[in-house]
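Letter by letter, the chains look like this.
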Amino acid sequence: MKFSLEKEDQYCIFNLQEKNLNSVIAPKLKSEFIFLRNEGVPNLILDLSGLEYVDSSGLSSILTANRLWKDD
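Residues numbered from 1 in each chain as written. Predicted model: local features only at pLDDT ≥ 70, side-chain atom pairs only at ≥ 80, totals over all residues. Heavy atoms only, no water.

Asks: Whenever I open this one, the overall build of the protein chain confuses me. Can you help?
Replies: The helix and strand tally for the protein chain stands at two helices and five strands. Counting helices and strands in the order they occur from the N terminus, the protein chain gives β-β-β-α-β-β-α. The C-alpha radius of gyration of the protein chain comes to 11 Å, within 12% of the 11 Å expected for a compact globule of 72 residues. C-alpha atoms of the protein chain, sized along the principal axes, occupy 30 × 20 × 15 Å. Looking at the protein chain as a whole, 29% of its 72 residues qualify as buried. The long-range fraction of contacts in the protein chain, counting pairs at least 24 apart against all pairs at least 6 apart in sequence, stands at 67%. (Helix = DSSP H or I, 4+ residues; strand = E, 2+ residues; numbered from the N terminus. Rg over C-alpha atoms; globule rule 2.2 N^0.38 Å. Buried < 20%, exposed > 50% of the residue type's maximum accessible area, 1.4 Å probe, protein only. Contact = heavy atoms within 4.5 Å.)

Asks: Hey, could you run me through the pattern of salt bridges in this one?
Replies: Counted under the stated rule, the structure contains two salt bridges. We note a salt bridge from E39 to K7, for which the minimum N-O separation is 2.5 Å. Taken together, the residues span a long stretch of sequence, with E39 in the loop between α1 (26–38) and β4 (44–47) and K7 in strand β1 (residues 3–7) at a distance of 32 residues. Judged by relative accessible area, E39 falls into the partly exposed class, the value being 41%. (Salt bridge = Lys/Arg side-chain N within 4 Å of Asp/Glu carboxyl O.)

Asks: Please clarify how the packing of aromatic side chains should be interpreted in this entry.
Replies: Given two aromatic rings, their pairing is described by the distance between the two centres and the angle made by the two planes. On inspection of all chains with the given rule, the structure shows two aromatic pairs. Both rings, one in F3 and one in F14, keep their centres 4.8 Å apart while their planes meet at 15 degrees; by these two values the pair is stacked. Note that F3 is positioned in strand β1 and F14 in strand β2 (residues 12–16), a separation of eleven residues in sequence. Judged by relative accessible area, F14 falls into the buried class, the value being 0%. Taken together through their ring pairs, the aromatic side chains of F3, F14 and F33 make up a single cluster. (Phe/Tyr/Trp six-rings, centres within 6.5 Å; stacked < 30°, edge-to-face > 60°.)

Asks: Can you walk me through a nonpolar patch on the surface in this structure?
Replies: Among the surface-exposed residues, V54, L59 and L63 lie close enough to one another that they form a single nonpolar patch of about 240 Å² accessible area. With respect to the helices, strands and loops of the structure, L59 is situated in helix α2 (residues 56–70). (Patch = residues over 30% accessible without salt bridge, like charges linked within 9 Å, V, L, I, M, F, W, Y side chains within 5 Å. Areas by Shrake-Rupley, 256 points an atom, 1.4 Å probe, with all protein chains shown as cover.)

Asks: Is there a simple way to explain the sheet that holds β1 in this structure?
Replies: Think of a sheet as strands paired side by side through backbone hydrogen bonds, with each pair either parallel or antiparallel. An order of β1-β2-β4 is seen for the three strands of this open sheet, with the pairing classed as mixed. Looking along the sheet, the strands with just one partner apiece sit at the ends: β1 and β4. On average, each strand axis in the sheet is tilted by 15 degrees relative to the strand beside it, whichever way the strands run. The sheet contacts of α1 involve β1, β2 and β4, and relative to β2 the element is tilted by about 170 degrees. (Pairing = 2+ DSSP bridges. Axes fitted to C-alpha atoms, helices over the stretch in contact; angles between N-to-C directions.)

Below is the structure:
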């Protein structure tokens, strides 16, 4: 999975550099989200501008991030 991170004090920009967010990528993405949350990132901005396709497992990974940061 290709991505870049831009960390600031109050937020982190996660730029997913993939064209497809599917069942191959989604578990890795969820793990990255959990790692960032446990690392103490206060706010997450997802840059999905390069995506062309998202399946249900990809959507599930995005919703996982929403739940992780919404519980704050």
